[in-house]
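# Coordinates in review
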Amino acid sequence: MLELAFVRDNLSLVEEKLRQRGANPQELLGDFHQIDQHRRAVITELETLKAQRNKITEEIAVLKKNKQDASALIEQTKLLRERIPALEKDAEEADAKLRTILVTIPNIPDDSVPVGRDEHDNKEVKRWGTPPVFDFQPKPHWELGEALGVLDLERAAKITGARFALYWDLGAKLERALMNFMLDLHTGQHGYTEVLPPYMVNSDSMFGTGQLPKFEADLFKVPQGDKNLWLIPTAEVPVTNIYRNETLESARLPISLTAFTPCWRSEAGSYGKDVRGIIRQHQFQKVELVKFTKPEESYAEHEKLTHDAEEVLEKLGLHYRRVLLCSGDMGFSSAKTYDLEVWLPGQGLFREISSCSNFESFQARRANIRYKPEGKKGTEFVHTLNGSGLAIGRTWVAIVENYQQADGSVLIPEVLRPYVGAERIVPKKF
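First things first, this report covers the structure right here in the doc.

Rules of the game
- Residues numbered from 1 in each chain as written.
- Predicted model: local features only at pLDDT ≥ 70, side-chain atom pairs only at ≥ 80, totals over all residues.
- Heavy atoms only, no water.
- Disulfide = S-S within 2.5 Å.
- Buried < 20%, exposed > 50% of the residue type's maximum accessible area, 1.4 Å probe, protein only.
- Pairing = 2+ DSSP bridges.
- Helix = DSSP H or I, 4+ residues; strand = E, 2+ residues; numbered from the N terminus.
- Contact = heavy atoms within 4.5 Å.
- Axes fitted to C-alpha atoms, helices over the stretch in contact; angles between N-to-C directions.
- Phe/Tyr/Trp six-rings, centres within 6.5 Å; stacked < 30°, edge-to-face > 60°.
- Lys NZ or Arg CZ within 6 Å of the ring centre and 35° of its normal.

### Here's the deal with the state of the cysteines
Tallied over the entire structure, the rule returns 0 disulfides. Of the cysteine sulfurs around Cys-263, a residue in no disulfide, the closest is that of Cys-356, at 15 Å. You can call Cys-263 buried: its relative accessible area is 0%. Cys-326 takes part in no disulfide bond, and the closest cysteine sulfur to it belongs to Cys-356, at a distance of 17 Å. The class of Cys-326 is buried, set by a relative accessible area of 0%.

This is the structure in structure tokens:
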């Protein structure tokens, strides 16, 4: 959430940044200026009347002490007692209107973000490795998984429905191996602390990271009496909210956390997209990277976090590119986002496998996560960052498609063999 004072003092800038995002400033901001002016006028009058009331109260006390007539002043206080509550209510209503506007405004893009409308305006900033060369026509993962007997979408649909997956044998082991490999890499070499958060969160947590109220249709809701719990769409939600309503010591920053969780997304509005295979699922597994930093360090930490995610792909020998998202393609809460896209030879395209974002103070303000700067009075909001390190299902897809062999088997990348306990996946029926 943007700060009220920032929007007020930089209204033209906010409007321009919203236009860069492809949004309509008038639709989002509405009567912000008029409501804010009215609120400030009401607060000014309220403070004046309260000061006047206090002064009159003191004068009445003096008159009574001197046994003088205070009836005229007492009559004035009656009028003030009627006017002040009305103004307080007016100010509260204005506050609520402004807050409703603020919570619907997306974060504004950092100046380093290219201005553009959609994914066609994103900027490739790095490419690593080379795509594998085959002397046969490479197959997509859904054909390979079925032929190998490790991916069973038909039975998953019977159990639950469309967009769920059932893994068998080495397919399941590969998924688990990727989880352990990623967590070991991030905790052992990159300095992250592993956490295991709840897989359901309350509405305050969803609000804190920006999923609510805007993206309710994309979430799985679990009603609990007069309240709701939500299946997490990403570990970003519970891990970021670990420090909700807390003040951190400056010396502790940056804090780097990693977590493995299943994730659930309803994928509202995506029907007809990626219907083959397991690219777009209602349930999938992910290893997440989350950082809490000082504002002046957040962009350097953003680069580090992105490189940490990239190293997973490099150790797996997977060809990828890093893409800087344009203003019109960024997520609601992000100020700057890199997408990592892995090459999938069975489909002949790059596919996003991680989004690494700097949210600046946007989430911290919503979740009230502060820190005490050294040598300063008071507190400030931290900056929060997160990225997939990586999405496990899509990494599974990338391995199966990139390491497929002419005989239909799939080689296991060398770094994963101790985790899987095998060198290749061969056909097997269950």
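### Considering the sheet that holds strand β9 (residues 320-324)
The 8 strands lie next to each other as β1-β9-β10-β11-β14-β8-β7-β2, forming an open sheet whose pairing is mixed. Two strands bound the open sheet, and with one partner strand each, they are β1 (123-128) and β2 (193-194). When β2 meets strand β7 (residues 255-264), the two strands line up parallel, connected through 2 bridges. Residue Glu-194 lies in a different strand from β7, and its bridge partner there is Thr-258. Of the strands in this sheet, β1, β8 (283-293), β9, β10 (336-344), β11 (349-358) and β14 (383-391) touch helix α11 (residues 298-315), which is tilted by about 5 degrees from β14.

### Points about the packing of aromatic side chains
Tallied over the full model, the rule gives 9 aromatic pairs. Seen in terms of ring centroids, Phe-215 and Phe-332 are 5.7 Å apart; in terms of plane orientation they differ by 80 degrees. Their pairing is edge-to-face. Pair noted here: Phe-215 is in the loop between α9 (203-209) and β4 (220-224) and Phe-332 is in the loop between β9 and β10, with a separation of 117 residues, a long-range link. Residue classification places Phe-332 among the buried positions, given a relative accessible area of 9%. For the pair Phe-332 and Phe-362, a centre-to-centre distance of 5.7 Å together with 75 degrees between the ring planes defines the contact as edge-to-face. Here Phe-362 lies in helix α12 (residues 362-367) and Phe-332 lies in the loop between β9 and β10, a separation of 30 residues in the sequence. The same class applies to Phe-332 as to Phe-362, namely buried. Pairwise contacts between aromatic rings join Phe-215, Phe-332 and Phe-362 into one cluster. Its guanidinium or amino end placed over the ring of Tyr-338, Arg-322 lies 4.6 Å from that ring's centre, counting from NZ or CZ. Lying over the aromatic face of Phe-207, Arg-366 brings its terminal NZ or CZ to 4.2 Å of the ring centre.

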